[in-house]
Amino acid sequence: MTALTPFALQHAPALIESVFPAQKVSFEAQRERKAGAGQTLTALGSYWKGRKPLILVRAIVLGSLLPPTGNAEQDLAVYEQLLAFDRDALARRALANNAFKPKDMLKTLTLSEPWQYFTYTLKAPDLIAGQVDSWAAPFDADQHGLTVRWQKNLADDEKLALYTQMLQTLPDYPSRAALCKRPEELDPAELYAPIWATVNAHYQHLGINAHSHQQLVEQLGILRFGHRPKVGDTFCGGGSIPFEAARLGCDVYASDLNPIACMLTWGALNIIGASPEQRAEIAQAQRAVAAAVDAEITALGIEHDSDGNRAKAYLYCLETRCPETGWLVPLSPSWVISKTRNVVAQLIPNPARQCFDIEIASGVSAAALQQAEQGTVQNGNLSYSLNGKTYQTPIKTLRGDYKDANGVTGNRLRLWGKHDFKPQPEDIFQERLYCIQWITADSLDKKQKETFFAAVTEADWARERLVEQIVAEHIEAWQQQGLVPDMAIEPGYNTDQPMRERGWTYWHHLFNARQLHLHYLIKEKSNEIPIGLIGLGAMLDYSSKLCQWTTSPKSSGKVGGRTGGASDNPAHVFYNQALNVFFNYANRTSLDLLEKWVISPTEPTGNQSVTNTEVFTITANDIKTTADLFITDPPYADAVHYHEITEFFIAWLRKNPPAPFDEWIWDSRRALAIKGSGDGFRRGMVAAYTAMAQHSPDNGLHCVMFTHQDTSVWSDMVGIFWAAGLQVIGAWYIATETTSELKKGSYVQGTVILMLGKRAAGEKRTFKNRILPLVRKEVAAQIQQMLHLNADVKNSLGEPVFNDADLQMAGYAAALKVLTAYTHIGDEDATSFALRPKQKGQTTVVDDIVQQAAEAANSLLIPDGLQPDTWHAAQGIQRFYLRMMDMESSGAAKLDNYQNFAKAFHVQDYSKIMASMAANQARLKSIEEFSPRDLSDSSEIGPTYLGKLIIALQQLLQEQDPQGVLDYLNADVADFMAARPVLVDMVNFIAANSPSAKVQAAAELLSARLRNQRLA
Ligand SMILES: C[S@@+](CC[C@H](N)C(=O)[O-])C[C@H]1O[C@@H](n2cnc3c(N)ncnc32)[C@H](O)[C@@H]1O
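The structure presented is a predicted model; accordingly, all values stated were derived computationally and were not measured.

Focus on the site of the ligand
Part 1 of the argument: Near the ligand there are 24 residues, and of these Lys52, Gly238, Asp256, Asp633 and Ile674 occur at the shortest range.
Part 2 of the argument: Between the ligand and the protein, one listed contact pairs a nitrogen atom with a backbone N or O atom of Leu257 at 3.3 Å.
Part 3 of the argument: One of the backbone N or O atoms of Ala620 is found 2.9 Å from a nitrogen atom in the ligand.
Part 4 of the argument: The protein chains hide 96% of the 610 Å² of surface that the ligand would expose on its own.

Next comes the structure, spelled out in structure tokens:
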């Protein structure tokens, strides 16, 4: 057997440069996202948005370490086995999910001896067992009155054989994988057990002998770098990259400027990645703290009533004095408390005190519920009725908004002071408890708790006052001890809002007395243990005045989003990335919150990380050690102001934290955060990536992920890496999320995976006109090679590996590979190029090369059945329509494909020719669906050949005289006879690809007429 030779692969390319199962990774990445709370790392806090999918990280790490062997098809097959994407793994994943019922298998599969696998019970009286025994599948067990189930003790292998057959009846990977558990949900020892013999045989020549991913990764590291590979991530955020790399068996170096990011990364590695024994210890420590807090709350009696009922949630609203009547009016956009139980708050005028008493009515009529939907805050106004008269005052007026001489807006809200924790009596906005959700004493110990909503009683007010008194007496001391925040809110994009709309100037103002008291108790009792801090972070998201009360009806079935489903609940703060304040908010009680504080990740299945891991709170350019593979997801044009919104957490966690957090800088260091996309951003990025390049070996690899927007992003990013001394070696496109998550409507977010290596030392110069032919050649070679692999894989597995987006992306990468191999293009050097301020509208050498690459790639992506001459004659929107028509005919309907190709073909507004822009059901307008306006001469498609053909086809569909139609076309198209071959080819293409038989017939007729028309 060959021995493992350190550095044997030192100069070998990485498999990911040429092969990557991008479509499958996209599908699995989106499924991981959709798992919501089931995602491995969200247990530590769902407030961190934009975590990269673990499956994507896994695919990148493996693809970076594996070498190509000269047999791309086999390499891909093994790569997919290592990711559990292959046919056999899908069967194991589907079986783990119990995806198929025995009766469905019997209905679908051809089995000569089905009772080898299944057994039956006769339901129908006229059936005879003996007869049934001789049946062969397929048959419909239900129809025959049989109940069927698996044979007892049937080996998994036999079940798997049937599962494989069932999966093969489905058309493609997404439809199969959708029935499966995600790979990380299975125990890796079992899921991957069958693959190692094949993997070892495939890499036998290298001396690979592995029985787990960790062993394989270590051996590949030795072959490439002489040791177990070390993965670095200097923008580690929520920790996906370090966590997955460690889980796969890499050593890990992680850093982020932001201590909250570092805390989450540390938690991922050391809590989620802890051994079962460590996890048991952690859980025990947490439970002890939770019990102590609970005992103290219970002893104080602040969450119980005299009947032993215990509060689940407290509902608060603001209150303000109406300038017209002088009455104190409660403020809320809706007075509906529960849509499932028809509970509403009713405002009862109290003339003696010039205010409203609030009663709670349960089980009210639908009409009453509807009426309560009309709150006292409507369209930015205080709006209420008294003695039959309606009063309306803009909230802006109540606040006293004004613009000063410099045009700066301000208002007359009092700015709260350092020890304030509730409004003062003269404040414009008061806060008032108006309803309590109680859990009945009887059901407190039951799993299914019974709750009811009630108005606030005198005893409740007394309990409120007790909590306020405790806080008032201690807040100063708590702040000094660092147990409650004393940090001022710094103005900023998100942080201005609480100041402007409530007068809150310190972070603790975002919490009421109950919340301050509970958080103090938890922190005081858990400040010694790291999990105490992580748990408090997760809990704070659910426990602040920024948690709106939400209710959704039983039937809504809405999952996720603000309401969290069909229920009555306080929302959480970071349901989006803003610090929104509300007129009505709700307070979860300790009973509910302590559950959130106790971190309970799903039981570990191979999560344990046993390699060396380090986490630092430092800037990306201040790297401490070298790494062999840097995988980063930098904050490009980031919509998320991590540096601001995490101050919400930092304020609570920063003082006297336990080890190892005590060595960190507990400040958001806003000034050092890389942000935006301007000159400062580029300078920060060049510094960061130069440092990374300097901290990696000569054969080190770099993978950078960024959002795919347009070619100007490419130009920026490539300029940065070019200046940092890195050379592009590959690129892939992954559809990571549909942006309902980002709340931007129907829009699919794509991520570019850019692979880079270190450029060889020394100067290398060339000129633009020399480089362009090389670019075209490299792009063509790359695409041809991929098309070749596509054809092979399609032949053997029925599905291609790459789609057009992959091909196009690889085309860009090939072009940039050529460019970034040089240090100078003409008199332009890489660094000055990247750092030079960008002028609007200016095109650069990188833009030109990206453009060349796009054109070279696009000219090779001729739709099946279209002549190259037609393709070259058709530009822009015509190419777009024809290309997408071709894609639609093979069933593609993903909006991001349309988005990407619209950009690639420079379409001005592709939405005009789209019938649907739904994320997964996008489609072009069919020939019949174009309106006359869509086809007018001022539209984008109207004046083109294709536009004219669509008009002609519509006329034929309206049964106009074919000769007249042809004459009209003849007159409408300039230089008609010269254009005729292109017109014929396009109309033939439409005939072959239109889903409508009528359009096909019209297109065939038009084609025949066009071909037969004689020269005048
Ligand atoms: C897009 S996020 C990374 C998300 C991460 N990959 C994940 O899966 O959660 C970018 C990160 O860069 C960090 N960051 C911004 N400027 C930085 C700098 N100058 N040095 C280090 N980290 C920085 C932010 O704090 C943020 O956590």
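Quick word on the environment of Ala915
Part 1 of the argument: Summarising the element assignment, Ala915 is placed in strand β28 (residues 914-916).
Part 2 of the argument: Here Ala915 falls in the partly exposed class, since its relative accessible area comes to 36%.
Part 3 of the argument: As for Ala915 and Phe616, which are separated by 299 residues in sequence, their C-alpha atoms are 50 Å apart.
Part 4 of the argument: Non-local contacts of Ala915, meaning those with residues more than four positions away in its chain, are made with Arg923, Leu924, Lys925 and Glu929.

What to know about empty space enclosed by the protein
Part 1 of the argument: As enumerated under the stated definition, the model contains six cavities of 30 Å³ or more in all.
Part 2 of the argument: Each pocket or cavity is described by its volume, and for the largest cavity that value is around 80 Å³.
Part 3 of the argument: Contributing to the lining of the largest cavity are Leu318, Leu413, Arg414, Trp416, Asp427, Ile428, Phe429, Glu431, Arg502 and Trp504.

Comments concerning the pattern of salt bridges
Part 1 of the argument: For the structure on display, the rule yields 44 salt bridges.
Part 2 of the argument: With a closest N to O distance of 3.7 Å, Glu501 and Arg500 form a salt bridge.
Part 3 of the argument: Among the residues examined, Glu501 registers a relative accessible area of 18% and is labelled buried.
Part 4 of the argument: Overall, Arg500 belongs to the partly exposed group, its relative accessible area being 42%.
Part 5 of the argument: We note a salt bridge from Arg765 to Glu763, for which the minimum N-O separation is 3.0 Å.

Thoughts on the sheet that holds strand β11 (residues 381-386)
Part 1 of the argument: Taken together, three strands build an open sheet; the order of strands is β10-β11-β12 and the sheet is antiparallel. Across the chains shown, the open sheet's two edge strands, defined by having one partner strand only, are β10 (377-378) and β12 (389-394).
Part 2 of the argument: When β10 meets β11, the two strands line up antiparallel, connected through two bridges. For Gln378, the partnering residue across the bridge sits in β11 and is Asn381.

Comments concerning helix α27 (residues 804-820)
Part 1 of the argument: Between the first and last C-alpha of α27 there are 24 Å, a value that for 17 residues agrees with the 24 Å anticipated at 1.5 Å per step.
Part 2 of the argument: The buried count for α27 comes to 16 of 17 residues, which makes it a mostly enclosed element.

Conventions adopted
- Residue positions within a chain follow its written sequence, with the count starting from 1.
- Local features in a predicted model are, by the rule used here, given only for residues with pLDDT of at least 70; side-chain atom pairs are given and counted only at 80 or more, and totals for whole chains, interfaces and linings are based on all residues.
- Excluded from the side-chain calculation are hydrogens and water; included are all heavy atoms of the structure.
- Whether a residue is near a molecule or strand depends on its heavy atoms: if one lies within 4 Å, it is near.
- We call two N or O atoms a polar contact when they sit within 3.5 Å, provided that within protein one can donate a hydrogen and the other can accept it, with sequence-adjacent residues counted only if both atoms are side-chain atoms.
- The Shrake-Rupley method, run with a 1.4 Å probe sphere, supplies the accessible areas, and residue values consider only the shown protein chains as cover.
- Runs of E in the DSSP output that reach at least two residues are strands. Runs of H or I that reach at least four are helices, and both are numbered from the N terminus.
- The classification of residues rests on relative accessible area computed with a 1.4 Å probe and restricted to protein chains. Under 20% of the type maximum is buried, over 50% is exposed, and intermediate values are partly exposed.
- In this analysis, two residues are considered to be in contact whenever any of their non-hydrogen atoms come within 4.5 Å of each other.
- Grid points spaced at 1 Å over the protein atoms alone were grouped into cavities, where a 1.4 Å probe fits but cannot get out, and pockets, open sets with protein on both sides within 12 Å along at least five of seven lines, with lining residues defined by an atom within 4 Å of a point.
- Grid points are joined across faces, edges and corners, and a volume is the space filled by probe spheres set on the points.
- What counts as a salt bridge is simple: a side-chain nitrogen of Lys or Arg found within 4 Å of a carboxyl oxygen of Asp or Glu.
- For two strands to count as paired, DSSP must find a minimum of two bridges between them.
- To estimate the expected span of a helix, count its residues, drop one, and scale the result by 1.5 Å.

Geometric values such as these leave the question of function open.
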